[in-house]
Amino acid sequence: MLKAVQKNATKGDPQSVISAIDHYCRNKEWAMNVGDDKGLILDSVLTEVNPSAALELGTYCGYSTVRIARLLSPGSKLITVEFNPAFAAVARQIIAYAGLQDKVTLVEGPSGDLIPKLRERFGVKSFDFVFLDHWKDRYLLDTKLLEDCGLLQKGTVLLADNVICPGTPEYLKYVRSSPRYESRYYKSNLEYTKLEDGLEKSVFLG
Ligand SMILES: Cc1cc(C(=O)N2CCN(C)CC2)sc1-c1cc(O)c2nc[nH]c(=O)c2c1
Ligand SMILES: [Mg+2]
């Protein structure tokens, strides 16, 4: 994937990086990027929220990191958390190739350990936007952790990938039944396939 970006994308042009990855994953080798279909929903929710402090759980190779960072207003920041060092190494290069390294802080390690440290380490008060795309069994745990750490504020938008495939039933049940969230499902398809998947947008009500 990184070679495809270096070969086919233009340095400093995030859209060309996104297109190069989508073309590669559609035609050469499937990979678990949010992809171009769900990516358009991510773009529209992001543009609507226009966050000054955004958090991504699950960087993988940086595709959605680039999608998010390219739409941030000047001065806004994205913190992205990745557990796997090999993924993080590729992501750093892809984010840099897109020219977005000044807007993005990539933190390596388990989300459960890092979330309680985000405030003291990066001076973040709370997040306006959180993209959950790491591991289905961590969505609910990490959402509750974000609540308990006071990192969500009234109006914070959580956007969760893969709520159908691979599926996050516990998380869905929680955000759809809790009085503290206003939740909505955006039907789409699993990246680069015809299988159903979708994004769940949940607004924290405080
Ligand atoms: C690894 C994987 C395999 C999937 C699948 O159903 N497949 C059938 C169809 N073929 C083509 C691909 C493979 S879906 C999926 C996946 C997709 C994401 O967006 C993920 N995002 C974050 N974290 C994940 O663990 C994550 C896993
Ligand atoms: Mg995903």
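As shown above, the structure is provided for reference.
So, here is what we can say about the structure in this document. By convention here, each chain's residues receive numbers from 1 onward along its written sequence. Chain labels run from A onward and ligand labels from 1 onward, assigned in the order the entries are written. A pLDDT threshold of at least 70 governs which residues receive local features in this predicted model, and a stricter bar of 80 or more applies before side-chain atom pairs are shown or counted, although totals over entire chains, interfaces and linings include all residues. Only hydrogens and water are set aside; all other atoms, that is, all heavy atoms of the structure, feed into the side-chain values.

1. A closer look at the sheet that holds strand E5 (residues 152-160)
Here is step 1 of the chain: The sheet built from seven strands is open, its strands ordered E3-E2-E1-E4-E5-E7-E6 with mixed pairing. Edge positions in the sheet fall to strand E3 (104-108) and strand E6 (181-189), since each of these pairs with one other strand and no more. Averaged over neighbouring strand pairs, the angle between their axes works out to 15° when direction is ignored.
Here is step 2 of the chain: The pairing criterion for strands is at least two bridges between them, as found by DSSP. Secondary structure is summarised from DSSP: a helix means a run of H or I of at least four residues, a strand means a run of E of at least two, and numbering begins at the N terminus for each. In the sheet, strand E1 (residues 53-57) pairs with strand E4 (residues 127-132) via four bridges, with the strands oriented parallel. By the bridge assignment for E4, Leu55 is matched with Val130.
Here is step 3 of the chain: What makes two residues a contact is simply this: any of their non-hydrogen atoms within 4.5 Å. Axis definition: a line fit to C-alpha positions, over the contact stretch in the case of helices; interaxial angles, taken between N-to-C directions, run 0 to 180 degrees. Relative to E3, helix H5 (residues 85-97) is tilted by about 170°, and along the sheet it contacts strand E2 (77-82) and E3.

2. So, empty space enclosed by the protein
Here is step 1 of the chain: Both cavities and pockets are sets of points on a 1 Å grid over the protein atoms alone; in a cavity a 1.4 Å probe fits but cannot get out, in a pocket the set is open with protein on both sides within 12 Å along at least five of seven lines, and lining residues sit with an atom within 4 Å of a point. Grid points are joined across faces, edges and corners, and a volume is the space filled by probe spheres set on the points. One pass over the structure, following the stated rule, counts one cavity of 30 Å³ or more.
Here is step 2 of the chain: Surrounding the largest cavity, Met32, Asn33, Val34, Gly58, Thr59, Tyr60, Cys61, Gly62, Tyr63, Ser64 and Asp133 form its lining.
Here is step 3 of the chain: Under the grouping applied here, Gly and all other residues not named as nonpolar or charged are polar, the nonpolar ones being Ala, Val, Leu, Ile, Met, Phe, Trp, Tyr, Cys and Pro and the charged ones Asp, Glu, Lys and Arg. Residue classes in the lining of the largest cavity are distributed as five nonpolar, five polar and one charged.

3. Describing the coordination of the magnesium ion (ligand 2)
Here is step 1 of the chain: As a rule, N, O and S atoms within 2.8 Å of a metal are its donors, except that Na, K and Ca use 3.2 Å; water is not among the atoms, so sites may look incomplete. Protein-derived ligands of the magnesium ion (ligand 2) are Asp133 (OD), Asp161 (OD) and Asn162 (OD1), with the metal-ligand distances lying across 2.0 to 2.3 Å.
Here is step 2 of the chain: For the magnesium ion (ligand 2), the donor residues sit on a single chain with the sequence spacing D-x27-D-N. Residue Asp133 is located in the loop between E4 and helix H8 (139-148), and its partner Asp161 is located in the loop between E5 and helix H9 (163-167); the two are separated by 28 residues in the primary sequence.
Here is step 3 of the chain: Remark: exposure states derive from per-residue accessible area (1.4 Å probe, protein chains only) relative to the maximum for the residue type, with buried under 20%, exposed over 50%, and partly exposed in between. Its relative accessible area of 12% is what places Asp133 among the buried residues.

4. Digging into unusual backbone geometry
Here is step 1 of the chain: Cis geometry marks the peptide bond from Cys165 to Pro166, where omega comes out at 5°.
Here is step 2 of the chain: By secondary structure assignment, the location of Pro166 is in helix H9.
Here is step 3 of the chain: Even without glycine at this site, Asn162 takes up a positive phi of about 65°.
Here is step 4 of the chain: With respect to the element layout, Asn162 can be found in the loop between E5 and H9.
Here is step 5 of the chain: By relative accessible area, Asn162 is classed as buried at 10%.
Here is step 6 of the chain: In this structure, Tyr192 is a non-glycine residue whose phi angle is positive, near 65°.

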